[in-house]
Number of protein chains: 2
Amino acid sequence: MHVEELETPALVIDLDVMEQNLGRMADYCRQWGLRLRPHSKTHKSPWLAKQQVESGARGLTVAKIGEAEVMVEAGLDDLLLAYPVFGEPKARRLGEVARKARLTVALDSEDSARWVSRAAGSHTIDILVEVDFGMRRCGLPPGEEPVRLAKAIQRLPGLRFEGLLFYPGNIHPDLEGSSERLEELNQRLSRQLEDFRGAGLEAETVSGGSTPSAFHSHRIGGLTEIRPGTYIFNDRNTIEWGVCKQEQCALSILTTVVSTGVGGQAIVDGGSKTFSSDPLAAGTQGGYGIVKAHPGVEFFRMNEEHGYLKLPAETKLELGRPLQIIPNHACVAVNLHERAWGVRQGRVVKEWEIAARGKIR
Amino acid sequence: MHVEELETPALVIDLDVMEQNLGRMADYCRQWGLRLRPHSKTHKSPWLAKQQVESGARGLTVAKIGEAEVMVEAGLDDLLLAYPVFGEPKARRLGEVARKARLTVALDSEDSARWVSRAAGSHTIDILVEVDFGMRRCGLPPGEEPVRLAKAIQRLPGLRFEGLLFYPGNIHPDLEGSSERLEELNQRLSRQLEDFRGAGLEAETVSGGSTPSAFHSHRIGGLTEIRPGTYIFNDRNTIEWGVCKQEQCALSILTTVVSTGVGGQAIVDGGSKTFSSDPLAAGTQGGYGIVKAHPGVEFFRMNEEHGYLKLPAETKLELGRPLQIIPNHACVAVNLHERAWGVRQGRVVKEWEIAARGKIR
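S.K.: Just give me the short version of the pairing of strand β1 (residues 10–14) of chain B, but keep the residues and values in it.
M.R.: Consecutive side chains of a regular strand alternate in pointing toward one face of the sheet and then the other. All names here are of chain B. Extensive coverage of β1 is indicated by the burial of 4 of its 5 residues. Across 4 bridges, the pairing between β1 and strand β10 (residues 251–259) is antiparallel. Residue pairing in the sheet places Ile13 in a bridge with Leu251 of β10. As judged from the 4 bridges shared by β1 and strand β16 (residues 339–344), these two strands associate in the parallel manner. What sits directly across from Asp14, in β16, is Val343.

What follows is the structure, encoded as structure tokens:
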């Protein structure tokens, strides 16, 4: 079947492009001796997680226990839960995961560490202390607090201090002054590792790495592991950040033109429930995606099930016409779809369930 | 179980408030002789659809055939698909729905009408012609085109011209000059109904009505039916539009504080994959929701699984603390959840599957 014969809207992955993306990142990590632990939040599919492992990834990152459960069920056996855990129900579920896989958890509080300790039971869970090097996301401020938490972790049954985790958005390629920020990050990180050593703690794992910063990871001193997610598919953001070219974008959403009643406009059968309403994070442009093969067409507005395309004067998009659109942000778009279709050279060759979609707990 | 003992993030519906919302709209429609056909896109649940019917709704509106399939499967037997249909797979599925329920379809092109005719087989499908009275969504420009389409519909086997459908966003309560717009809408609508009559066509159904405009529906001459969705729950938008008070908002998302490492900030365990990244559509404020019981706390930023709260100087939100947050837009938030929990007086009394969630085809 040709891709444009799929019922729409449909999440479409070009498998050739995807495999090139996987290979490129794996090669980079091999070259620099970095462990690759891709974030599965982008694809939410055990089938793709296995491809990442086969192409060189050491294990996987997940954000929620529900994602870990899906991956473990499918036989993935080395997981990093990059999310703090709280409460009895989550501790119970985490304990089940720890019984079936090598498990690492990242956290930034003793409260959460106690819940993970409870989950561990007779098993050992490795802990990464999350440190905030200036992005103001999760993480403790660098210095004494992470050391204090690491010591507390060593005292808790079933836990082992494994190292530190941070989010290196500081060296995001579209930020001005990136090299100064990189310098500053390196200083802070090296000081933190010193602080750990001063307390007799060795950070065996130093985990960073998002897709936009991934190919700069070798410039961060002491890094042992990266956790990129989006690189498997790429999206409008990574194109706009200059991290990839449009032809390296493996993901698109196939839509159909369903209304042309209003002049100069075409409406496709996907909106915020198909693409997500994430604005473009890269750069200053608006809009919700790139309409492939129609560079002059602007995806300027959405309702829940409608995508609005502004047409240049000479362009006509007839009713029923299929259009492939690259979304702003792959991860949130994938999460809205139950299934995906893999294509090679325009032919549909594979269909799979996005099994960890919607696993927000 | 008390609501705050639920594992988070969890979609929580206050059933007492919801029933009041249902009753209020049903009473309004009874008072003015309007048919109530609620849009199920907001709740995506057959259980709630049935409550709407029991409290006075005539039938339901759906946006996608996948939603219709879920509703028909659950025994709902009078559906309006307010979405144009294209292509063989959709025609086949629509035919199945038409065999099981009274079906009306809204569309704005003869191309789509032909697909619906194909779906009808030996059954009859009622058709509403969608007209654009200035909102530039779907719909034909008023005048001759809708008449031409209505005539084409009458010639197609299995179809019956039932009337017209439009989206009355023109009289949105937050738009300045709403009464001038209402006047203009009334003129256009009455001219269109004249045009139909002039061609020997009687529009038995004139379908309008979204939640923000719902309680102004009696001011639109000739309207027979309204299709509000959000009114069942309400959200930050409807509060900001002045359509309801905060205590009339039945829906919230229960979250847990999972990180307080960064000063002046608390992070909860839900972000754009839990709330959606829909900005506030009403007014000019930013932010992603109302943190109940903490009016000074600002939900100012999101990542996929993180919600960032800015805390006033004197406020501390301790780790593990449950927080209920009203999202900007209920419909897109509900679509991200697999299940919902119903509460009365703070006690969990019911759990249900959001069965039509993610049915984008």
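S.K.: Can you lay out the confidence of the model for chain A for me, pointing to particular residues and giving the numbers?
M.R.: With 98% of its residues at a pLDDT of 70 or more, chain A shows a mean pLDDT of 95. Across the whole predicted complex the pTM is 0.96, and at the interface the ipTM reaches 0.96.

S.K.: Requested: an account of the packing of helix α3 (residues 65–73) of chain A against helix α4 (residues 88–100) of chain A, with residues and values cited.
M.R.: Residue and element names in this part refer to chain A. Running from N to C, α3 and α4 point in directions that differ by 30°, and their axes come no closer than 10 Å. By the angle between their axes, α3 is roughly parallel relative to α4. With respect to the hand of their crossing, α3 and α4 are arranged in left-handed fashion. Counting all contacts with α3, which are made through Ile65, Gly66, Ala68, Glu69 and Val72, the residues of α4 involved are Lys90, Arg93, Leu94, Val97 and Lys100.

S.K.: I'd like to hear about the nonpolar core, residue by residue, with values.
M.R.: Ile125 and Phe233 of chain A together with Ile125, Phe233 and Leu309 of chain B are the most contacted members of the largest nonpolar core, which has 192 residues in total. Beyond its immediate chain neighbours, meaning those up to four positions away, Ile125 of chain B contacts Ala98, Leu103, Val105, Val116, Ala119, Ala120, Gly158, Leu159 and Arg160 of chain B. Counting residues in hydrophobic clusters, the runner-up holds 8 residues, among them Val3, Ala10, Trp341 and Val348 of chain A.

S.K.: Give a detailed account of unusual backbone geometry, specifying residues and quantitative values.
M.R.: Residues and elements named next belong to chain A. Cis rather than trans, the peptide bond between Thr8 and Pro9 has omega equal to -5°. Inspection of the secondary structure puts Pro9 in the segment before β1 (10–14). Here Arg136, not a glycine, exhibits a phi torsion of approximately 55°, which is positive. Counting through the fold element by element, Arg136 comes out in the loop between β6 (125–130) and α6 (144–155). A residue is classified by how much of its surface remains accessible, and Arg136, at 41% relative accessible area, is partly exposed.

Conventions and cut-offs
Residues numbered from 1 in each chain as written. Chains lettered and ligands numbered in written order. Predicted model: local features only at pLDDT ≥ 70, side-chain atom pairs only at ≥ 80, totals over all residues. Heavy atoms only, no water. Buried < 20%, exposed > 50% of the residue type's maximum accessible area, 1.4 Å probe, protein only. Helix = DSSP H or I, 4+ residues; strand = E, 2+ residues; numbered from the N terminus. Pairing = 2+ DSSP bridges. pLDDT = per-residue confidence, 0-100. Axes fitted to C-alpha atoms, helices over the stretch in contact; angles between N-to-C directions. Parallel < 35°, antiparallel > 145°, perpendicular 65-115°, else oblique. Left-handed = near helix turned anticlockwise from the far one by under 90°. Contact = heavy atoms within 4.5 Å. Core = buried A, V, L, I, M, F, W, Y, C linked by side-chain atoms within 4.5 Å.

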